[in-house]
Amino acid sequence: MIRPIPFIPIFLISLLLWVPSIDAEVLQVDSDSDGKMDQWHHLSGDNKIIKVEYDKNGDYKIDQVDIFERKELPVKVEFDRNFDGIMDQRQVYNADGTLQRVEKDSQFSGKLDLREYFGADNQVASVEIDVNKDGKVDTWQTFSKLGKRTNAKYDENHNGSIDRWEIFDKTESLKEARFDTSGNGKPDQFQYFTGPTQLNKVEFDTNGNEKIDRWEFFDSLGHLERVELDNNHDGKIDIVKRK
């Protein structure tokens with residue numbers, strides 16, 4: 001899970017130069033007194049902060065931009081984490097300065113493929129991921145206030161419809177997985193787990209009537225030990241097969 005990068009507070013130190021423009025000015029700052037400008041404070045005509053740009057590694061390229069839009073606190077901060085000249089992380093803030101969401105190019109592919117949304121307690125509440133980087137979210141995860149994943153859903157074939165759902169317990173161990181194998185948007189296979197990965201039972205809706213008509217039971221070693229069938233779909237088990 002990604003972690004937000006804190007924005008750098010503005011400290012106007014002794015060496016300041018300004019470059020005037022028609023409607024605004026830019027204060028150039030050498031924050032570490034090495035003779036190189038590494039901060040640029042863009043001010044509006046009425047002396048409100050518009051944005052602050054930083055060169056944090058001294059390569060003469062902007063690698064962080066704090067956008068204020070004339071407010072006291074930044075509304076958005078952008079980062080170039082690998083210093084290649086391309087911004088690859090964006091943090092959006094609420095009006096009170098708390099973090100709203102983080103958008104990130106997790107693989108430095110040039111595309112923002114991961115978003116984290118934060119709650120009032122500054123904990124991650126949900127995550128969206130674009131696994132195949134086609135510009136569409138295909139993985140969604142939700143988290144408890146303790147930071148534990150509670151649910152996840154996936155569009156595994158990238159057709160715009162959810163086809164897998166997962167439910168986790170308080171320890172983030174998988175409890176249940178549901179699958180849409182027919183492509184109608186509804187789960188028709190249900191897998192139940194005991195412990196982190198131990199498959200216990202699988203239920204099937206083989207005819208798409210949203211009723212279970214096949215049950216498979218597994219032993220503690222994961223071996224299939226029993227199958228129960230409702231072949232005529234009347235809601236009653238009429239065949240039991242033991243392995």
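Residues numbered from 1 in each chain as written. Predicted model: local features only at pLDDT ≥ 70, side-chain atom pairs only at ≥ 80, totals over all residues. Heavy atoms only, no water.

Asks: When you look at the packing of aromatic side chains in this model, what are you seeing that I'm missing?
Replies: Here a ring pair, both rings aromatic, is described through the centre-centre distance and the interplanar angle of the planes. Under the counting rule described, the total for this entry stands at 0 aromatic pairs. Cation over ring: K153 sits above W140, and NZ or CZ is 5.8 Å from the ring centre. The aromatic ring of Y192 is capped on one face by K201, whose charged end is 5.1 Å from the ring centroid. (Phe/Tyr/Trp six-rings, centres within 6.5 Å; stacked < 30°, edge-to-face > 60°. Lys NZ or Arg CZ within 6 Å of the ring centre and 35° of its normal.)

Asks: Explanation requested: the pattern of salt bridges in the structure shown.
Replies: A side chain of one charge can pair with a side chain of the opposite charge when the charged atoms of the two come close. In total, this model carries 17 salt bridges according to the counting rule given. Residue E103 pairs with R90 through a salt bridge whose shortest N-O separation is 2.5 Å. Residue E103 is found in strand β8 (residues 99-104), and its partner R90 is found in strand β7 (residues 89-93); the two are separated by 13 residues along the sequence. Taking relative accessible area as the criterion, E103 reaches 7% and is therefore assigned buried. A salt bridge links E103 to R101; its shortest N-O distance comes to 2.7 Å. Salt bridges sharing common partners tie together K76, E78, R90, R101, E103, R115 and E128. (Salt bridge = Lys/Arg side-chain N within 4 Å of Asp/Glu carboxyl O. Helix = DSSP H or I, 4+ residues; strand = E, 2+ residues; numbered from the N terminus. Buried < 20%, exposed > 50% of the residue type's maximum accessible area, 1.4 Å probe, protein only.)

Asks: What is the right way to look at the nonpolar core in this model?
Replies: Ranked by size, the top nonpolar core spans 10 residues in total: V77, F79, Y93, L99, V102, L114, F118, V124, V127 and F143. When contributions to this core are tallied by element, the ones reaching two or more residues are β6 (76-79), β8, β9 (114-118) and β10 (124-129). One finds A152, Y154, F168 and F193 within the second-largest nonpolar core, a separate group that totals 7 residues. (Core = buried A, V, L, I, M, F, W, Y, C linked by side-chain atoms within 4.5 Å.)

Asks: Looking at this model, I keep getting lost on the side chain of R226. Mind explaining?
Replies: Position of R226 relative to the elements: it lies in strand β18 (residues 224-229). Apart from residues no more than four positions distant in its own chain, R226 is found in contact with W215, E216, F217, V240, K241 and R242. (Contact = heavy atoms within 4.5 Å.)

Asks: How do you make sense of the confidence of the model for the chain when you look at a structure like this?
Replies: Confidence in the prediction for the chain averages 91 pLDDT; 90% of positions are at 70 or higher. Segment residues 10-22: pLDDT under 50, and 28 contacts once partners within four positions in sequence are set aside and those in other chains are kept. (pLDDT = per-residue confidence, 0-100.)

Asks: Got a minute to help me understand unusual backbone geometry in this structure?
Replies: Most peptide bonds adopt trans geometry, and most residues besides glycine take a negative phi value. Phi at K133 takes a positive value of approximately 55°, unusual for a residue other than glycine. In this fold, K133 is placed in the loop between β10 and β11 (139-143). Exposure remark for K133: the relative accessible area of 22% places this residue in the partly exposed category. A positive phi angle, near 60°, is found at H233, a position not held by glycine. Assignment of secondary structure puts H233 in the loop between β18 and β19 (239-242).

Asks: Where do I start with the side chain of Q39 in this structure?
Replies: Note on placement: Q39 falls in strand β3 (residues 39-43). Note on Q39: relative accessible area 9%, which makes it buried. Polar contacts involving the side chain of Q39 include one to the side chain of H41, which spans 2.8 Å. Setting aside its immediate chain neighbours within four residues, Q39 contacts L27, Q28, V29, S31, E53 and Y54. (Polar contact = N/O pair within 3.5 Å; in protein donor to acceptor, adjacent residues only side chain to side chain.)

Asks: Even after reading the chapter, I still don't get the environment of E216, so can you show me in this structure?
Replies: As for its placement among the helices and strands, E216 is situated in strand β17 (residues 214-218). Taking the C-alpha atoms as reference points, E216 and K201, 15 residues apart in sequence, are found 5.6 Å from one another. When sequence neighbours within four positions are dropped, the list of residues in contact with E216 reads N200, K201, V202, F204, L224, R226 and V227. Within the local environment of E216, its side chain forms a polar contact with the side chain of R214, the two groups lying 2.9 Å apart.

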